[in-house]
Amino acid sequence: MGNVDEADVVVVGAGPGGSSTAFHLARHGLRVLLLEKSEFPREKVCGDGLTPRAVRQLVDMGVDTEKDGWLRNKGLRVIGAGIRLELDWPDLASFPDYGLTRTRMDFDQILAQRAVEVGAELHTGTTVTGPLLDEATGRITGVRTEQGDTYTAPLVVSADGVSGRFPISLGLNKREDRPIGVAVRRYYRSEARHDDEYLESWLELRTKDDPNRMLPGYGWIFGMGDGRVNVGLGVLNSSAAWGKTNYRQMLVDWLGSTPPEWGMAEEANADGPILGAALPMGFSRVPHYARGVLLVGDSGGMVNPFNGEGIAYAMESGALAAEIAVQALAQSDPARRERMLQHYPTELRARYGGYYRLGGWFVKLIGNPQLMRFATKHGMPHPALMRFVLKLLANLTDPRGGDASDRIINAMTKVVPAV
Ligand SMILES: Cc1cc2nc3c(=O)[nH]c(=O)nc-3n(C[C@H](O)[C@H](O)[C@H](O)COP(=O)(O)OP(=O)(O)OC[C@H]3O[C@@H](n4cnc5c(N)ncnc54)[C@H](O)[C@@H]3O)c2cc1C
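The rules behind these values
- Residues numbered from 1 in each chain as written.
- Predicted model: local features only at pLDDT ≥ 70, side-chain atom pairs only at ≥ 80, totals over all residues.
- Heavy atoms only, no water.
- Helix = DSSP H or I, 4+ residues; strand = E, 2+ residues; numbered from the N terminus.
- Rg over C-alpha atoms; globule rule 2.2 N^0.38 Å.
- Buried < 20%, exposed > 50% of the residue type's maximum accessible area, 1.4 Å probe, protein only.
- Contact = heavy atoms within 4.5 Å.
- Lys, Arg positive; Asp, Glu negative; His and termini not counted.
- Charge placed at Lys NZ, Arg CZ, Asp CG, Glu CD.
- Near = heavy atom within 4 Å.
- Polar contact = N/O pair within 3.5 Å; in protein donor to acceptor, adjacent residues only side chain to side chain.
- Areas by Shrake-Rupley, 256 points an atom, 1.4 Å probe, with all protein chains shown as cover.
- Nonpolar A, V, L, I, M, F, W, Y, C, P; charged D, E, K, R; others polar.
- Salt bridge = Lys/Arg side-chain N within 4 Å of Asp/Glu carboxyl O.
- Pairing = 2+ DSSP bridges.
- Axes fitted to C-alpha atoms, helices over the stretch in contact; angles between N-to-C directions.
- Arc of directions from axis to C-beta.
- Parallel < 35°, antiparallel > 145°, perpendicular 65-115°, else oblique.
- Left-handed = near helix turned anticlockwise from the far one by under 90°.

Novice: What is the right way to read the overall build of the protein chain from this model?
Specialist: If you tally the helices and strands in the protein chain, you get 11 helices and 22 strands. Taken over C-alpha atoms, the radius of gyration comes to 21 Å for the protein chain, in line with the 22 Å a tight globule of 419 residues would show. Its C-alpha atoms put the protein chain at 65 × 50 × 40 Å along the principal axes. Going through the 419 residues of the protein chain one by one, you find that 55% of them count as buried. Counting contacts in the protein chain only where the partners sit at least 6 residues apart, residues at least 24 apart contribute 71% of the total. The centroid of the 47 positive side-chain charges in the protein chain is displaced by 6 Å from the centroid of its 50 negative side-chain charges.

Novice: What is the right way to read the site of the ligand from this model?
Specialist: In the region of the ligand, 36 residues are neighbours, and G17, E36, R42, G47 and D298 sit closest. With respect to the ligand, the backbone of D48 contributes an N or O atom lying 3.5 Å from an oxygen atom. One nitrogen or oxygen atom from the main chain of V128 is found 2.9 Å from a nitrogen atom belonging to the ligand. Burial of the ligand by the protein chains amounts to 94% of its free accessible area of 1,000 Å². Where the shell around the ligand is concerned, the elements lending two or more residues are α1 (16-27), β18 (218-223), β20 (270-280) and α6 (311-329). Of the residues belonging to the shell around the ligand, the class tally is 15 nonpolar, 12 polar and nine charged.

Novice: I keep staring at the pattern of salt bridges and nothing clicks. Help me out?
Specialist: Working definition: two side chains of opposite charge can pair if their charged atoms are close together. Enumeration over the complete set of coordinates arrives at 26 salt bridges. Across the pair E204 and R206 runs a salt bridge, and its minimum N-O distance is 3.2 Å. By relative accessible area, which is 13% here, E204 ends up buried. In this structure, the salt-bridge partner of R351 is E347, at a minimum N-O distance of 3.1 Å. Of this pair, R351 and E347 both sit in helix α8 (residues 343-366), four residues apart, which is roughly one turn of the helix. According to the relative accessible area criterion, R351 is partly exposed, its value standing at 39%. On the accessibility criterion, E347 (22% relative accessible area) is partly exposed. Here the salt bridges do not stand alone but share partners, grouping R77, E86, R193, D196 and E200 into one network.

Novice: Can you help me understand the side chain of D398 in this one?
Specialist: Mapped onto the secondary structure, D398 falls in the loop between α10 (383-394) and α11 (404-415). Buried and unpaired, D398 has no salt bridge, with K391 as the nearest side chain of opposite charge at 6.8 Å. Reaching out from D398, the side chain makes a polar contact with the side chain of S94 at a distance of 2.3 Å. Other than its neighbours up to four places away in sequence, D398 contacts L92, A93, S94, D406 and N410.

Novice: Just checking my understanding: could you explain the sheet that holds strand β11 (residues 140-145) for this structure?
Specialist: Backbone-to-backbone hydrogen bonds join strands into a sheet, with any given pair of strands oriented parallel or antiparallel. The strand order across the open sheet built from four strands is β1-β12-β11-β10, with neighbouring strands paired in mixed fashion. Lying at the two open borders of the sheet, with one neighbouring strand each, are β1 (4-6) and β10 (128-133). Geometrically, the sheet is characterised by an average inter-axis angle of 25° between neighbouring strands, direction not taken into account. Across three bridges, β11 lies against strand β12 (residues 150-152) in antiparallel orientation. Its bridge partner being in β12, G142 is matched across the sheet by T152.

Novice: What is the right way to read the pairing of strand β13 (residues 155-158) from this model?
Specialist: Within a regular strand, side chains alternate between the sheet's two faces. Of the two faces of β13, the one holding L155 and V157 and the one holding V156 and S158 are both buried throughout. Examined bridge by bridge, strand β2 (residues 9-12) and β13 share four bridges and lie parallel to one another. Bridge assignment links V11 to a residue of β13, and that residue is V157. Of the strand pairs in this sheet, β13 and strand β22 (residues 293-295) are connected by three bridges, and their pairing is parallel. The residue of β22 that forms the bridge with S158 is L295.

Novice: Help me understand the pairing of β18, please; the structure alone is not making it clear to me.
Specialist: In terms of burial, β18 is a largely internal element, five of the six residues being buried. In the sheet, strand β15 (residues 198-202) pairs with β18 via three bridges, with the strands oriented antiparallel. Across the sheet, the residue bridging to W202 is G219, located in β18. Count of turn residues in the β18/strand β19 (residues 228-236) antiparallel hairpin: four residues, of which G225 carries a positive phi of about 75°.

Novice: Is there a simple way to explain helix α5 (residues 247-255) in this structure?
Specialist: Structural remark: α-helix, 3.6 residues per turn; residues separated by three or four positions point the same way. Residues of α5 that are buried: Y247, M250, L251, W254 and L255. Down the axis of α5, the smallest arc covering the buried residues is 125°, so these residues share one side. The backbone nitrogen of R248 has a side-chain oxygen 3.2 Å away, supplied by the residue at the start of α5, namely N246.

Novice: Can you walk me through the packing of α6 against α8 in this structure?
Specialist: Any two packed helices are characterised by the angle at which their axes cross and by the distance between the axes. α8 packs onto α6 with a crossing angle of 150° between their chain directions and a minimal axis gap of 9 Å. Relative to α8, α6 is oriented roughly antiparallel. Regarding α6 and α8, the two cross each other, and that crossing is right-handed. Contact residues: α6 offers Y313, E316, S317, L320, A321 and I324, while α8 offers H343, Y344, E347, L348, R351, Y352, Y355 and Y356. The residue inventory of the contact of α6 with α8, partitioned by class, reads nine nonpolar, two polar and three charged.

This is the structure in structure tokens:
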């Protein structure tokens, strides 16, 4: 017989989504159990890039990013159609004007540690195998673990990432009509590029042997500030190459065309293997609340379809889930509590539904290589247009009092029906 423990909220998974949820809950005095299958520090396949959206969440959690191990960036360098364009992050009232990089090897541990510092109880090496069910009401009353323990709570938060085993065990499957991406990445030692002040995004990938042949997908090179770069590429399910391409080989082929002094064309400079994973986008698993379970981050398919960013959305949904859970759990009337919890999916749709709908259309459009080439060729020579595109792709506008481009983007996301 394993241990039995009881809490106000059980959080499954201590990635950025789970730790953000646990932090905001614990800060309000709730008893939170944060269950994580791995032991920290641990590797997580990611580009390690943080936009001002993610920085805002880190500031909210009181994470000290002035210490060693963080590298600041000023914006995005976009490369395409023979042009290199440096676009600074917009100057907004709602977000900081800088981004960061930090390896996920310890980024997730830092966030989990913040949750612990404000009172959450973290159990690592604890794999959740499924829910505890109240047969009479159909509600989830806790979780069971591989280690034979049971943890009960009136509310469970599923933040178990793209695999979504926990929601799947509740019958919440992935929606096939939503965009999804797959991305691979590798670290390389690169003195030349490791301390880049911009996140770099490649709209066109070519090979050394045949510069006229364009590879499907989009690439990135992010300096880590520690002698290494994180280099990778992503392909969307709207592309003809989806599921039919060796993405790892594609990365090697593309990097073979980069300048030798960058160090990425050489296997000897690689630090670790090429690893890949899926990016679940545009609310690819719904409903985000059912039977006492809230879905946060990748578990609810919340990656931004425009740019593949998932950390900020995992943290934002975690903060929102916590805010709603704190209020709901303060209610003793079950019907009232339920109504408040139902507000979580409603608020998520209001915040991101229109934007993700636009993102779904965007993914379909850029799946057409001719159209993408046309847009790159005619868009890249116009910095003002590209600054607008950056705001749209990174979802960085002021909701009120912004400039004309903020107002256009905000209006666009409001007029389209939410996903
Ligand atoms: C190649 C690649 C590059 C990317 N680059 C970027 C980028 O540069 N910037 C960005 O913002 N986003 C990027 N993303 C997306 C980003 O990695 C995810 O969106 C983000 O990690 C989601 O956070 P999360 O907390 O929802 O899930 P995760 O980070 O996946 O965390 C889930 C946690 O749950 C744990 N877990 C899973 N199952 C169980 C279980 N049964 N019991 C207990 N614990 C469990 C896992 O061990 C893990 O710690 C990238 C993704 C990929 C694949």
